[in-house]
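Letter by letter, the chains look like this.
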Amino acid sequence: MSSLFTPLTLRSLRIPNRVWMSPMCMYSAASTGPDTGAPTGFHHTHLATRAAGGAGLVMAEATGVRPDGRISPWDLGLWNDRQVEAFRPLTEAIRAHGSVPAVQLAHAGRKAGTDKAWRGGRALGQTEGGWQPVGPSPVAFDGLPVPHELTVPEIQQLVRDFADAAERALAAGFQVVEVHGAHGYLINSFLSPAGNHRTDAYGGDFAGRARFALEVVDAVRAVWPDELPVFFRTSATDWLAENPADDREGWAAQDTVRLAKELRAHGVDLLDVSSGGMVPGARIGTGPGYQVPYADRARNEGGIATAAVGLVTEPAQAEAIVAEGRSDAVFLGRELLRNPYWPHHAAAALGSETHWPEQYG
Ligand code: FNR
């Protein structure tokens with residue numbers, strides 16, 4: 001019996017297997033007009049196909065909790081009811097294929113308001129549909145505009161924005177909500193000393209830098225049903241401690257272990273362990289499964305369920321990660337773009353049964 005194809009129950013939610021689709025921005029929502037931020041036919045095909053392909057959970061891309069919190073004007077959002085209505089058939093389609101619909105709630109912080117990734121992702125001016133980025137401190141990311149330093153009332157409004165978006169996610173039919181705390185976006189920039197130079201209650205020591213993340217988690221947990229899980233995606237390291245020649249100050253693996261314990265205590269059910277995106281020019285040691293050791297530490301030292309992500313591409317590799325107790329599940333990104341039916345093929349390779357759509361014979 002394959003471990004990868006054993007169901008995982010978090011709270012009362014049974015997830016049918018442990019191969020999940022990682023959130024991936026598609027830059028394909030309308031950027032103007034009443035349907036701004038609402039999913040389109042493209043998103044429907046894109047996400048429902050991965051559910052038909054056998055992924056046990058399908059996570060919609062980074063979805064803005066407010067219009068000016070998106071990475072680009074073409075990102076999805078959950079700040080109005082029209083978006084809720086547009087998401088509903090999509091979550092129903094994912095469930096109809098036996099998968100679990102999940103959504104990643106995001107604020108892009110100092111990396112907000114940029115062009116589509118495949119056009120280079122440069123900062124868009126206000127006349128091109130861009131907007132003023134915000135952050136814990138007026139520290140720009142790699143040539144992007146200097147962010148507005150958030151005031152405490154603005155921070156508190158952002159906490160409410162995450163909770164409001166979570167309520168809409170529930171109304172739209174999602175069964176898992178993930179708080180995006182990784183990749184140098186707003187929450188990550190509060191956590192890491194590389195982005196957070198504040199001297200008030202939201203900066204300084206670990207507790208100060210983690211305050212915003214935990215307030216967001218508390219606010220989301222307060223509106224999310226007790227029987228459904230909340231995930232948190234983290235950047236486990238800024239990739240500075242791994243490179244002794246780089247003496248910039250940043251977030252390191254032991255901080256993630258500490259954060260994992262805090263998140264667990266605040267009602268987070270699973271830590272989705274990614275890395276990087278916070279410090280420009282950091283040397284990232286990529287390779288097959290390169291972030292798995294961080295998921296392993298968070299799980300086994302931090303005491304929280306984890307999902308590993310990053311260059312997991314082979315069935316035997318994914319199976320070993322779960323079977324060896326290094327992580328409870330794996331997220332696949334690019335491999336599922338290449339092959340939506342990867343989970344069904346992997347199950348066959350590992351001697352497990354999955355159910356292809358009956359229409360496919
Ligand atoms: C991503 N990634 C990403 N991560 C995230 O947390 N939210 C997002 O919206 C996106 N968007 C996104 C778009 C595209 C086109 C790619 C390729 C990636 C990162 C992604 O979820 C995943 O963590 C990485 O791609 C590493 O996993 P793979 O691709 O090696 O399996």
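Residues numbered from 1 in each chain as written. Predicted model: local features only at pLDDT ≥ 70, side-chain atom pairs only at ≥ 80, totals over all residues. Heavy atoms only, no water.

## A few points about the overall build of the protein chain
Regarding its fold elements, the protein chain presents 10 helices and 12 strands. For a compact globule of 361 residues, the expected C-alpha radius of gyration is about 21 Å, and the protein chain comes in at 19 Å, within 12% of that figure. In terms of overall dimensions, the protein chain has C-alpha extents of about 60 × 50 × 40 Å along its principal axes. Taking all 361 residues of the protein chain together, the buried fraction comes to 61%. For the protein chain, restricting intrachain contacts to residue pairs at least 6 apart in sequence, the fraction spanning at least 24 positions comes to 71%. Roughly 13,700 Å² of accessible area belongs to the protein chain as shown, and the carbon and sulfur atoms make up 50% of that amount. For the protein chain, the separation between the mean place of its 31 positive charges and that of its 40 negative charges on side chains is 1 Å. (Helix = DSSP H or I, 4+ residues; strand = E, 2+ residues; numbered from the N terminus. Rg over C-alpha atoms; globule rule 2.2 N^0.38 Å. Buried < 20%, exposed > 50% of the residue type's maximum accessible area, 1.4 Å probe, protein only. Contact = heavy atoms within 4.5 Å. Areas by Shrake-Rupley, 256 points an atom, 1.4 Å probe, with all protein chains shown as cover. Lys, Arg positive; Asp, Glu negative; His and termini not counted. Charge placed at Lys NZ, Arg CZ, Asp CG, Glu CD.)

## Focus: empty space enclosed by the protein
Inspection of every chain in the model, using the stated rule, returns 1 cavity of 30 Å³ or more. Each pocket or cavity is described by its volume, and for the largest cavity that value is around 30 Å³. Together, Met21, Ser22, Pro23, Met24, His43, His46, Leu47, Met59, Ala60 and Glu61 line the largest cavity. For the lining of the largest cavity, the secondary-structure elements that each account for two or more residues are helix H1 (41–52) and strand E4 (57–64). In the lining of the largest cavity, the residues fall into 6 nonpolar, 3 polar and 1 charged. (1 Å grid on protein atoms, 1.4 Å probe; cavity = no way out; pocket = protein on both sides within 12 Å on 5 of 7 lines; lining within 4 Å. Points joined across faces, edges and corners; volume = space filled by probe spheres on them. Nonpolar A, V, L, I, M, F, W, Y, C, P; charged D, E, K, R; others polar.)

## Observations concerning the site of the ligand
In the region of the ligand, 15 residues are neighbours, and Ser22, Pro23, Gln104, Leu311 and Arg334 sit closest. Within the backbone of Gly333, a nitrogen or oxygen atom sits 2.8 Å from an oxygen atom of the ligand. A distance of 2.6 Å separates an oxygen atom of the ligand from a polar atom in the side chain of Arg334. Relative to its unbound accessible area of 600 Å², the ligand is 82% covered by the protein chains. The site holding the ligand turns out to be the largest pocket. Residue classes in the shell around the ligand are distributed as 7 nonpolar, 6 polar and 2 charged. (Near = heavy atom within 4 Å. Polar contact = N/O pair within 3.5 Å; in protein donor to acceptor, adjacent residues only side chain to side chain. Sits in = over half its atoms within 2 Å of the grid points.)

## Thoughts on H1
Compared with an ideal rise of 1.5 Å per residue, which puts 12 residues at 16 Å, H1 spans 16 Å between its outermost C-alpha atoms and is within 8% of the ideal. Residues of H1 that are buried include every one of His43, His46, Leu47, Ala48, Thr49, Arg50, Ala51 and Ala52, and no others. Elements that come into contact with the buried residues of H1 comprise strand E3 (19–21), E4, helix H2 (81–96), helix H9 (334–338) and helix H10 (342–349). Downstream of H1 by a residue or two, Gly54 has a phi angle that is positive, lying close to 105°. (Expected span 1.5 Å × (residues − 1).)

## Observations concerning the nonpolar core
Counting 102 residues, the largest nonpolar core has Trp20, Leu57, Phe212 and Phe232 as the members making the most contacts within it. Considering every element that reaches this core, the biggest residue donor is helix H5 (residues 206–223), with 9 residues. Setting aside anything within four residues of it in sequence, one finds Trp20 in contact with Leu8, Ile15, Gly56, Leu57, Phe231, Leu270, Ala307, Ala329, Val330, Phe331, Leu332 and Leu336. Within the second largest apolar cluster, 11 residues are counted, among which are Cys25, Trp74, Ala106 and Ala108. (Core = buried A, V, L, I, M, F, W, Y, C linked by side-chain atoms within 4.5 Å.)

## Description of the pairing of strand E9 (residues 230–235)
The buried fraction of E9 is high, at 6 of 6 residues. Residues of E9 alternate between two faces, with Val230, Phe232 and Thr234 on one and Phe231, Arg233 and Ser235 on the opposite face, all of them buried. Inspection of the sheet shows strand E8 (residues 176–181) paired to E9 by 5 bridges, in the parallel sense. When the sheet's bridge partners are listed, His180 is paired in E9 with Arg233. Looking at chain direction, E9 and strand E10 (residues 270–274) are connected through 5 bridges and run parallel. In the strand pairing of E10, Thr234 is matched with Val273. (Pairing = 2+ DSSP bridges.)

## Thoughts on the packing of helix H3 (residues 152–171) against H5
A packed helix pair is summarised by two numbers, namely the angle formed by the two axes and the spacing between the axes. The N-to-C vectors of H3 and H5 enclose an angle of 35°; their axes lie 8 Å apart at closest approach. Here H3 and H5 pass one another in a crossing that is right-handed. Contacts from Ile155, Leu158, Val159, Phe162, Ala163, Ala166, Glu167 and Leu170 in H3 reach Phe212, Glu215, Val216, Ala219, Val220 and Val223 in H5. When the residues that make up the contact of H3 with H5 are grouped by side-chain class, the tally is 12 nonpolar, no polar and 2 charged. (Axes fitted to C-alpha atoms, helices over the stretch in contact; angles between N-to-C directions. Left-handed = near helix turned anticlockwise from the far one by under 90°.)

## Quick look at the environment of Leu259
Within the secondary structure, Leu259 is located in helix H6 (residues 253–265). C-alpha of Leu259 to C-alpha of Ala236: the two residues are 23 residues apart in sequence and 9.5 Å apart in space. Apart from residues no more than four positions distant in its own chain, Leu259 is found in contact with Leu191, Phe206, Ala210, Phe232, Thr234 and Trp251.

## A look at the UniProt feature "domain: NADH:flavin oxidoreductase/NADH oxidase N-terminal" (unreviewed entry) in the protein chain
With numbering matched to this structure, UniProt assigns "domain: NADH:flavin oxidoreductase/NADH oxidase N-terminal" (unreviewed entry) to residues 3–348. Annotated as residues 3–348, this span is 34% helix and 16% strand, and its ends, taken at the C-alpha atoms, are 13 Å apart. (UniProt positions renumbered as here; feature names shortened; annotations may be inferred.)

## Details of the sheet that holds strand E5 (residues 100–106)
With parallel pairing, the 8 strands of this closed barrel are ordered in space as E3-E4-E5-E8-E9-E10-E11-E12. Pairs of neighbouring strands in the sheet enclose a mean axial angle of 30°, with direction left out of account.

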